[in-house]
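# A look at the structure
Residues per chain are reported as follows:
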Amino acid sequence: MRTPMIAGNWKLHKTKNEAFELIRTLSPATLEIDDVEIVVAPVFTVLDAVAQVLNESNIKLAAQNCYPEPFGAFTGEVSAELLKDVGCDYVIIGHSERRKIFNETDLFINKKIHSVLDADLKAILCVGETLDERENGQMFAVLKNQLTNGLANLEHRLMDKIVIAYEPVWAIGTGRTASPQQAQEIHFFLRSLINDLFGPDVSEKTRLLYGGSVKPDNIDDLMAQPDLDGALVGGASLKSEDFLRIIKFKKSNSSFS
Ligand code: PEP
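The numbering scheme is per chain: residues are counted from 1 as the chain's sequence reads. Only residues with pLDDT of at least 70 get local features here, since the model is predicted, and only at 80 or more are side-chain atom pairs given and counted; chain-wide, interface and lining totals rely on the full set of residues. Derived side-chain values reflect all non-hydrogen atoms in the structure, with water molecules and hydrogen atoms excluded from consideration.

### A word on the overall build of the chain
Scanning the chain from N- to C-terminus turns up 11 helices and 8 strands. For 257 residues, the compact-globule estimate of 2.2 N^0.38 gives 18 Å, and the C-alpha radius of gyration of the chain, at 17 Å, lies within 12% of that figure. Across the 257 residues of the chain, 53% fall into the buried class. Once local pairs closer than 6 in sequence are excluded, the contacts in the chain between residues at least 24 apart make up 72%. Total accessible area on the chain is roughly 11,900 Å²; 49% of this is exposed by carbon and sulfur atoms. His is not counted, nor are the chain ends, whereas Lys and Arg count as positive and Asp and Glu as negative. Here the site of a charge means NZ on Lys, CZ on Arg, CG on Asp, or CD on Glu. Taken as two groups, the 27 positive and 36 negative side-chain charges of the chain have centres that lie 1 Å from each other. Note on conventions: DSSP H or I runs of at least 4 residues are helices, E runs of at least 2 residues are strands, and numbering of each starts at the N terminus. Our radius of gyration is a C-alpha quantity, and the globule rule it is checked against amounts to 2.2 Å times the number of residues to the power 0.38. Only protein chains enter the accessibility calculation, which uses a 1.4 Å probe. A residue is then buried if its area is under 20% of the maximum for its type, exposed if over 50%, and partly exposed in between. By definition, residues are in contact when any of their heavy atoms lie within 4.5 Å. Residue burial considers only the protein chains on display, and all accessible areas are found by Shrake-Rupley using a 1.4 Å probe.

### Observations regarding the pairing of strand S3 (residues 59-63)
Of all the 5 residues making up S3, 4 are buried; the element is thus mostly covered by neighbouring parts of the structure. Two strands pair if DSSP finds at least two bridges between them. Relative to S3, strand S2 (residues 37-41) is paired through 3 bridges, and the arrangement is parallel. Note that in S3 the partner of Val-40 across the bridge is Leu-61. Place the viewer so that the strands point away; then a crossover is right-handed whenever the path from the first strand over the helix to the second strand goes clockwise. Assessed by its sense of winding, the connection that carries the chain from S2 through helix H2 (residues 44-54) to S3 is right-handed. At this point the chain moves from S3, through helix H3 (residues 80-85), to the parallel strand S4 (residues 90-93), and the crossover so formed is right-handed.

### Description of the environment of Pro-70
Within the element layout of this structure, Pro-70 appears in the loop between S3 and H3. Along the primary structure Pro-70 and Ser-115 are separated by 45 residues, whereas in three dimensions their C-alpha atoms are 7.3 Å apart. Among all residues touching Pro-70, those that are not within four sequence positions of it are Ser-79 and Glu-81.

### Comments concerning the sheet that holds strand S7 (residues 208-211)
Taking strand neighbours around the barrel as the criterion, the 8 strands line up as S1-S2-S3-S4-S5-S6-S7-S8 in a closed arrangement whose pairing is parallel. Pairwise comparison of adjacent strand axes, ignoring direction, gives a mean angle of 25 degrees for this sheet. Relative to strand S6 (residues 162-166), strand S5 (residues 122-127) is paired through 5 bridges, and the arrangement is parallel. For Leu-125, the partnering residue across the bridge sits in S6 and is Ile-164. A fitted line through C-alpha atoms serves as each axis, taken over the contacting stretch for helices, and the angle formed by two N-to-C directions is quoted from 0 to 180°. Lying on the sheet, H2 is in contact with S2 and S3; it crosses S3 at an angle near 165 degrees. Sitting on the sheet, helix H8 (residues 180-198) is in contact with S5, S6 and S7, with an inclination near 145 degrees to S7.

### Notes on the side chain of Asn-110
Mapping Asn-110 onto the fold places it in helix H5 (residues 106-118). Separated by 3.4 Å, the side chain of Asn-110 and the backbone oxygen of Asn-149 make a polar contact. Each residue touching Asn-110, except ones within four places of it in the same chain, is listed here: Asn-149, Gly-150, Leu-151 and Ala-152. By the criterion applied in these results, polar contacts are pairs of N or O atoms within 3.5 Å in which, for protein atoms, one can donate a hydrogen and the other can accept it, and in which residues neighboring in sequence qualify only through two side-chain atoms.

### Re the packing of H5 against helix H7 (residues 139-150)
Where H5 meets H7, the closest approach of the two axes is 8 Å, and the angle between their N-to-C directions is 40 degrees. Comparing the axis directions of H5 and H7 gives the class oblique. Between H5 and H7 lies a crossing of right-handed hand. From H5, Asp-106, Asn-110 and Ile-113 reach across to H7, where they touch Asn-145, Gln-146, Asn-149 and Gly-150. Residue composition of the contact of H5 with H7, grouped by class: 1 nonpolar, 5 polar and 1 charged. Working rule for angles: under 35 degrees goes down as roughly parallel, over 145 as roughly antiparallel, 65 to 115 as roughly perpendicular, anything else as oblique. Left-handed describes a crossing whose near helix is turned anticlockwise from the far helix by less than a right angle; the clockwise case is right-handed. Basically, the charged four are Asp, Glu, Lys and Arg, the nonpolar ten are Ala, Val, Leu, Ile, Met, Phe, Trp, Tyr, Cys and Pro, and anything else, Gly included, counts as polar.

Shown next as structure tokens:
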């Protein structure tokens, strides 16, 4: 059984006080939840402060990015080593905003994945096609490249430190969600790819999150799909009420017990 994960990507939002406020609401409300892994990814500047208040909670800490070298003359960058030092458990790697705005390539993303694992952290690797790629029939090839290159040279045993997030670019921050069927089709494809790359045990165990305008009113239908193991949530993770409802998705039709 794969433990579902609900992860909130705060992107470039929340001052320290706003972050505290959100965590203060989320922490007590999630204390009893032991069957969903809950993760928040604040901006770098508040990671340390948030780590202190998460100590007593059920919520794990993620960073939104890292640089692939541990230390050195890389002005303005933050490494996985330093993220480990402030208490992160996860690092989001290859988010489509980083691929698009900062021109991150699969090769660079693969280096980051290795640096995260070298620092003894876990990675949430994001993959996803643009609308053009979907409409031009390139979707499966694009996803195959992103996944295969992103996970290149990875030892099988380390795959338990990798979570994959399928985030169709056309659904991120647009209010346009992939239908549960569209998401399931891709998740099934990604799981088959992982099976080809790493074998059936790894593919059965690897968690596949969906991301792209996940909201309280669509999470239940998404989570009812057999290959969806959770969600990476942007906008709706900034409001405690919405994020809590997403964390408490209804499991009645899903594959989770
Ligand atoms: C994201 O940033 O990863 C994301 C999925 O954003 P949103 O939920 O706002 O579409």
